[in-house]
Amino acid sequence: MKKFGIYLSYAPTVDLSKEGLGRYLASFLKGASESGRCQFVIVCPSWSIESLNKLFSAENVPHSVFEIVSPDRVPFVLRLREFFLNFFEKKERKSFKKRILNYIGSVAKGYVDKKTMDIVKIESMSGFFLYSLPLVGIFLFFALLSPIIIFLVVIFYIFSWVFKKTKNKLRFFSFAHRKLFRMLYSPKDDGVIFNMFQSMQAFESIKILGLINGMKDVRAWYCPTAFWPSFNNINAPRLLCVPDVVLNEFPVGFSKIGGDRFIETYQNVINTVQGGDRFVTYSSAVKWNTLVKRYGVDAGVISVVKHAPSMLNQFVDIDDLNFNDTASFNYAKALFQGALKRSTNVNYTNGFKNFDIKFIFYASQWRPNKNIISLLKAYNFLLKKKYIKFKLILTCNPALSDAVMDFLKKNNLFNDVIFLHGLAVDELAACYKLANLAVNPSLSEGGCPFTFTEALSVGTPVVMSRIEVAEEVLDEERVQEVTFFDPYDWMSIAQKIEWALAHKEELLSVQLDFFKKLSTRTWGDVVNEHLDILDEISSVNAGKEISNG
Amino acid sequence: MNKKKDSCFRVMWLLNHTSARKFEIPMMRSIGIEEIFTPKIYPQNPSFRSASTDYSGDENLTIPQNVLERFNSINWYEHTDAEDWILASEYFDVCIFILQDFRVFNVASKHFSGALLWRAYGLNSPLSHGRLINYLSKGLHSKSFNRLGSKFYFAKAYDNLDEIEPSYISNRSLYLPLGMHSVEIVDEWIGDDKKILFVCPDIKSNDYYKNIYKNFSSNFKDFPYVVAGAQSIPVEDSRVLGFIPLEMHQSNMKHLGLMFYHSQEKHHIHYHPFEAIKAGMPLIYMAGGMLDRLGGDSLPGRCVSIDEARKKIKKILAGDSVLIQRIKSTQIRILDCMDPKNLRDHWVSGFEKIKQDLEKRKLDYNFLNYKKKIKISVVLPVEYKGGSLRGALLFAEALRLGAIQSRDAAEIIFCHIDKENYYKKNDFRDVNSEIKIRPFKWKYLDGSTARRAMKYSGYLEWEPLNQEYCVVDDGINYLEDCDAIVIISDRLGCPLLPNKPTVYMVYDYLQRYIPLFPNGADQIFLDAVRSAEKVITTTDFTFSDVLEYAGVERERIVKLPMLVPDFSNKKIISKIVESDYFIWTTNKSIHKNHLNALEALHIYYSELNGQLTCEVTGVASDDLFDNPYKEIRGIVREIKSSNIIMNKIRLRGNLSDSIYQELLSSSAFLWHAARLDNGTFSVLEAAGLGIPSLSSDYPAMREIDENFSLDMSWMDPDDPYSMAFALKNMESNYIGYKKLLLSTFNKDVLSIKKHAQKYWETIKSTL
């Protein structure tokens, strides 16, 4: 069987199950298993193995289709970090004062409980007197010690006061403390650690390259993202996937997040693209607008392989022939109920009793390309001028955007725009299923947003932005007519939502027909198309080797 | 981007260097490229001292005569536009150029569909081509290089030139070596004039050469020498020859004792050492320079120190025939590297590569020719209402109509400041529904955030020069969806982030004539237009201010016809009607000349028995008497003290377009009493309704009068009596003026449709 390689070079500490690319990889390998045409060798840094194995077993990726190869040992500093992380996570982080008081409290409580139990058993007065003697002794003891206790309490409070007053002078310790915890829990945000990770990655990629060069049976290599210029050092046929270069299209928005760390990432993307020789994208839009027009890549070396649809029905469908639809809805409601309790405005949602609530749903992180302010403007208009009393549920964290928070505050929307951040995939499916309408106002994506198939897989209609990547996939005029709005015009978003809510059945019927057609494409097809390209580039290379003699 | 019209392979060789042409044109011909265009116009500055034109190649060109004539009339170094390159794409496959102006390169990178070869002969240290373009583009070049991709080549004349260049240049190296048309030795050297020949041009006008001359004259002060090379500014040293006729130059090459070549630059060499070798003249040169790469390190003319050079020169001048012979017989080795025979293979393989790459790119045409909708945003940067708002909306409308007339798919977005309860729906009631209205707030980015934003926009080398940059925050994507931004006026709080082509519509520079700002306070406005792609004005008066006061190059200033609101739905009243009022349009700006105007009104009513009522309109004009500013308090007090006058002046404030038009159409005349500005379109509105105007006499208004044949009446804005008498005259004669206007004024000239395409094409040319 043919063997192809997949190149991964994630930075240390990246949890692949939380990366979109991780889930894509899992779907890809499952598709490869369906196709049965080849096997994949995944080479990755030593620190990614655990995360990859966890991801693949969670996603039920068959082991027969891949093997993972990486350098032997995880660098010592990473193991040290792991050790500290475990240490801090095991300890309950309470203050010293609290711990002492807790201890005294628990000893005292135990003593009082025991004495209470004993005292109720005494039947005679003499017995009660004798039993009380030690208590009198204790009382006298504390009475004698009371000046010392009072002195100690006064001293303690004086120390507390002095500490408070000199706190600013001790800022260094506070800084060191913060830095230590940032290094442990959010290492990528720490400049020193970020640089250290970069060096580790560079060193590891040399080791990985050594491994790759030894794999003569691997015919060609595939890299699922453009973040790693080291991929171009592989001396064998290479296929680079460029999902998108979103920073290019939202330069000001991204300039405000991530600091200069993003510049490094951006430069890596440019270097990777400029050093690449064969490319694949998820859409023609990225092929032409990004690679050809912006980076001057020859169109002839870029293939487009579109995604297969992403479905969510399997997470909420109850397989019961008698009442599956009702059961599914009830199950979804239970999941939704749980998710509501974790909203960012939990004071409001915690006691919310109506789980038949009508709502519009947009599943997305907060990013400058997600166009959340336009959606909020449209929603604000619909609620306050058209009295469309649906709620709007979003899955991003509003605290990440000052603009979002300002808008909510200015328009008093905290109780109508609900943020369910960090949903598990079954909760996500439940939200889609219960929503009256899914919406996606995104300004740009690498491929057609999954919103369309994810929502329709659970029977919810969708309205979304007219952007090139969506037009490529939803390519029927009638579907476009009922589905799309102009994402640059919030009134167009509002009008389409208003129409969709009033014509839900009509919209759903048009979209479901089209959804059926889309559903015929599988991840097996996606992998097969990739394999065709890998076959092509490896056979060209084989040809070259033969002609070179 | 256009396809080529035929399959004939043609090259544009956009250089004028005489010696380079003598080698490169025949070289290209020798490898089968027959059709080569060379430019006929080049910059007139000292760096082009070795340039000349040559028409001989025109005969071979099989392109239409009119196209050739157009190409011959273009200054390809400094002033080209999109149309030039689009046309060039129809006939040429390859363009070889040197860089003088970044804008030319930027436009070519967008619109020329063939291969672009930046011809590199090496630059003086510490310059490199990367540094040069960074300087010329102010750091805005990397996007152009990325866009070009495999269409761009760094056509190096010497194989080591790219080793000091950044990767976006060195990765695209193509070795097309420079040689000499012929390396045949014509040894006529006698050497009887025992002097050193040293070549050093432009000693007084170029610091680089000044230093070389200084070092040479200091190192060899005790030797006899002459310095050749053209001098733009004469040097007071009889040994510096300056420009000499060819015969004298040939005589020098024959009789002078030797040539000394100073350069130790690894990436740059002059032409004259080769000339000396060819003429049989002994060459003494310093080690460490490019001659080492060409001739090795064992030639007897090579010197590792000035001392060694002095000793060898002394011997040669003393007639040491052994040394002379050794040098002469071995230095010819250097010419091997300039021999066309040895270089031809590089040119063959270089052009094969270019042709292969072009073949691959042919696949791209279908997509690249697909016309995406062009989006232009028109931004009103300050909370303006009244005429300024109307003017800005007219601009947007002109672009909308112009795009339709040019058959371009376009979307126009009008952006205004998002200030609560300031702009009302009614303000935009007449705006065509295809123009999208976007409220925005100014956002300010500090230097490092601005740097990141620019890098993500593709400008990798850009560095901030200011502490802050502003961006238009439309709540969507900071106008990133727009292809260009038009700012109506130059009133910005800090520089705009330069990641989009920006055009400024500038009305006036009143501060030049009226003390509006403290010294230097308008620098930010001046800097704004200096960085613009284009600056638009509507009068010659302002055009010259943009040129002389703002200091913008003439090529970037465009004068377009003034736009006037479309009153086509209003009928000119064909019957002349009498009226008992006239209209004074004003606002609270100082240049509106309120003091003189109010004094004039006082005189008109109190001394000249003025009969017509004055209807005062415009933003905040209703506030003129309630809150008069310091300068007019006295006259306002006087007017207020007279009931008769007060009854004759009605302060109407800012009126809606329809009410204003209604009021105007029934008036006797319009009074424009401002002291100075870019001219007002209110007189054109009035003329459109058959209403004559009495205007202050200043250049911009004279221009409008002349351009639109308004036959306006005039007054001196600095003399209240003259103004009052003019009002009285209008009172008596306005019927006659109305009749005159009706018979002479052609309303069609006001149509926005007539000018829309010019506006659109101006903006489109910046994309």
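That block above? That's the structure.
Residues numbered from 1 in each chain as written. Chains lettered and ligands numbered in written order. Predicted model: local features only at pLDDT ≥ 70, side-chain atom pairs only at ≥ 80, totals over all residues. Heavy atoms only, no water.

### Brief notes about the side chain of Thr449 of chain B
Looking at the secondary structure, you find Thr449 of chain B in helix 17 (residues 447-456). Not counting the four nearest positions on each side in its chain, Thr449 of chain B is found in contact with Ser255 and Lys256 of chain A. (Helix = DSSP H or I, 4+ residues; strand = E, 2+ residues; numbered from the N terminus. Contact = heavy atoms within 4.5 Å.)

### Some details on the pattern of salt bridges
In the structure shown here, the tally under the stated rule is 64 salt bridges over all chains. Linking Arg452 of chain B and Asp260 of chain A is a salt bridge whose minimum nitrogen-to-oxygen distance equals 2.8 Å. One end of the pair, Arg452 of chain B, is in helix 17; the other, Asp260 of chain A, is in the loop between helix 9 (251-255) and helix 10 (261-275), on a second chain. Classification of Asp260 of chain A as partly exposed rests on a relative accessible area of 44%. For Glu615 of chain B, the salt bridge goes to Arg652 of chain B, with nearest N and O atoms at 2.9 Å. Here the residue Glu615 of chain B occupies a position in strand 22 (residues 613-617), and Arg652 of chain B occupies one in strand 23 (residues 649-653), the gap between them amounting to 37 residues. With a relative accessible area of 1%, Glu615 of chain B lands in the buried category. Each of Lys2, Arg37, Asp532 and Asp535 of chain A takes part in one network of salt bridges that share partners. (Salt bridge = Lys/Arg side-chain N within 4 Å of Asp/Glu carboxyl O. Buried < 20%, exposed > 50% of the residue type's maximum accessible area, 1.4 Å probe, protein only.)

### Some remarks on the packing of aromatic side chains
Under the defined criterion, the tally for this structure stands at 57 aromatic pairs over all chains. Summarising the aromatic geometry, the rings of Phe361 of chain A and Tyr432 of chain A are spaced 5.0 Å apart at their centres and angled 90° between planes, so their arrangement reads as edge-to-face. Of the two residues, Phe361 of chain A sits in strand 8 (residues 359-362) while Tyr432 of chain A sits in helix 16 (residues 425-434), which places them 71 residues apart along the sequence. For Phe361 of chain A, a relative accessible area of 0% translates into the label buried. Overall, the relative accessible area of 1% leaves Tyr432 of chain A in the buried class. Aromatic pair Phe48 of chain B and Tyr77 of chain B: ring centres 5.0 Å apart, planes at 85°, arrangement edge-to-face. Of this pair, Phe48 of chain B sits in the loop between strand 2 (35-37) and helix 2 (65-72) while Tyr77 of chain B sits in the loop between helix 2 and helix 3 (82-91), placing them 29 residues apart in sequence. Each member of the pair Phe48 of chain B and Tyr77 of chain B is classed as buried. (Phe/Tyr/Trp six-rings, centres within 6.5 Å; stacked < 30°, edge-to-face > 60°.)

### Some points on the packing of helix 2 of chain B against helix 3 of chain B
Residue and element names in this part refer to chain B. In contact at an axis separation of 11 Å, helix 2 and helix 3 are set at 135° when each is read in the N-to-C sense. The angle between the axes of helix 2 and helix 3 places the two elements in the oblique class. For the element pair helix 2 and helix 3, the recorded crossing hand is left-handed. Touching Val67, Arg70 and Phe71 of helix 2 are Glu83, Asp84, Leu87, Ala88 and Tyr91, all from helix 3. (Axes fitted to C-alpha atoms, helices over the stretch in contact; angles between N-to-C directions. Parallel < 35°, antiparallel > 145°, perpendicular 65-115°, else oblique. Left-handed = near helix turned anticlockwise from the far one by under 90°.)

### Let's talk about the environment of Asn160 of chain B
Residue and element names in this part refer to chain B. Considering the arrangement of structural elements, one finds Asn160 in the loop between strand 5 (152-156) and helix 7 (167-170). Given the relative accessible area of 3%, Asn160 is considered buried. When the C-alpha positions of Asn160 and Met290 are compared, they lie 9.3 Å apart, and in sequence the two are 130 residues distant. Ignoring anything within four residues of it in the chain, the contact list for Asn160 reads Lys266, His267, Met290 and Arg293.

### Observations regarding unusual backbone geometry
Residue and element names in this part refer to chain B. Of note, the bond from Ser125 into Pro126 is cis; its omega dihedral lies within 30 degrees of zero at 5°. Here Pro126 shows up in the loop between strand 4 (115-120) and helix 5 (129-137). Of note, Asn609 is a non-glycine position whose phi angle comes to about 55°, a positive value. Residue Asn609 is classed as exposed on the basis of its relative accessible area, which comes to 52%.

### Points about the pairing of strand 8 (residues 225-228) of chain B
All names here are of chain B. Residues Tyr225 and Val227 line one face of strand 8 and the alternating positions Val226 and Ala228 line the opposite face, and both faces are buried. Where strand 7 (residues 193-199) lies against strand 8, four bridges are found, and the strand directions are parallel. Pairing of Leu197 across the sheet is with Val226, part of strand 8. Remark: the strand 7/helix 8 (residues 207-219)/strand 8 crossover connection has right-handed handedness. For strand 8 and strand 9 (residues 240-242), the ladder comprises two bridges, and the chain directions are parallel. Looking across to strand 9, one finds that Ala228 is bridged to Gly242. (Pairing = 2+ DSSP bridges. Right-handed = clockwise from strand over helix to strand, strands pointing away.)

### Thoughts on the interface of chain B and chain A
Accessible area lost upon the coming together of the parts serves often as the stated size of an interface. The partner chain A presents 39 residues to the 39 residues of chain B that form the contact. When the two sides are added together, the surface that chain B and chain A hide from each other amounts to roughly 3300 Å², 56% of it contributed by carbon and sulfur. Our count for the contact surface shared by chain B and chain A stands at two salt bridges. Where Asp486 of chain A meets Lys436 of chain B, a salt bridge forms, and the shortest distance between an N and an O atom there is 4.0 Å. (Buried area = accessible area lost by both parts, 1.4 Å probe.)

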